[in-house]
Amino acid sequence: MQNLMAQAQKMQQLAAAAEADLAAAELTGNAGGGLVTVVLTGLGEVKSVRIDPKAVDPEDIESLEDLVTAAFRNAAEAQRELAEEKRGAVTGGLDLGMLGF
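Residues numbered from 1 in each chain as written. Predicted model: local features only at pLDDT ≥ 70, side-chain atom pairs only at ≥ 80, totals over all residues. Heavy atoms only, no water.

So, about the sheet that holds strand β1 (residues 26-31). Hydrogen bonds between backbone atoms are what pair the strands of a sheet, whose relative direction is either parallel or antiparallel. Spatially, three strands are ordered β1-β2-β3 in an open sheet, and the strand pairing comes out antiparallel. Edge positions in the open sheet fall to β1 and β3 (46-51), since each of these has one partner strand only. Taking the axes of each pair of neighbouring strands and ignoring which way they run, one obtains an average angle of 15 degrees across the sheet. When strand β2 (residues 36-41) meets β3, the two strands line up antiparallel, connected through five bridges. By the bridge assignment, T37 is partnered in β3 with R50. (Pairing = 2+ DSSP bridges. Helix = DSSP H or I, 4+ residues; strand = E, 2+ residues; numbered from the N terminus. Axes fitted to C-alpha atoms, helices over the stretch in contact; angles between N-to-C directions.)

Structure representation (structure tokens):
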């Protein structure tokens, strides 16, 4: 029983370290050849959005909206991959979401 508690405590420490790594990580998504750039943390929080003035056409707002959406999707995919990598290293690939991890 004591060994099980020690393993659980070690897993909690590893999970906390993985979350800290994710919070410190910055992932960038681009669209339109860099016309729109989005930076997210490893936890999915938005750090910044940059729009090149060349992407702004008052007659074609829809294209700019599409570029922003694509940049967010690109950054979010990178964030998901990093989160899976960091959290998977802690859990050995087990999904512990239902247990609150």
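Residues A31, V36, V38, L40, A55, L64, A71, A75 and A76 constitute the largest nonpolar core, which totals nine residues. Those elements giving two or more residues to this core turn out to be β2 and α2 (61-91). In terms of residues, this core owes the most to one element, α2, which gives four residues. When neighbours within four sequence positions are excluded, A71 is seen to be in contact with G29, N30, A31, V36 and V38. (Core = buried A, V, L, I, M, F, W, Y, C linked by side-chain atoms within 4.5 Å. Buried < 20%, exposed > 50% of the residue type's maximum accessible area, 1.4 Å probe, protein only. Contact = heavy atoms within 4.5 Å.)

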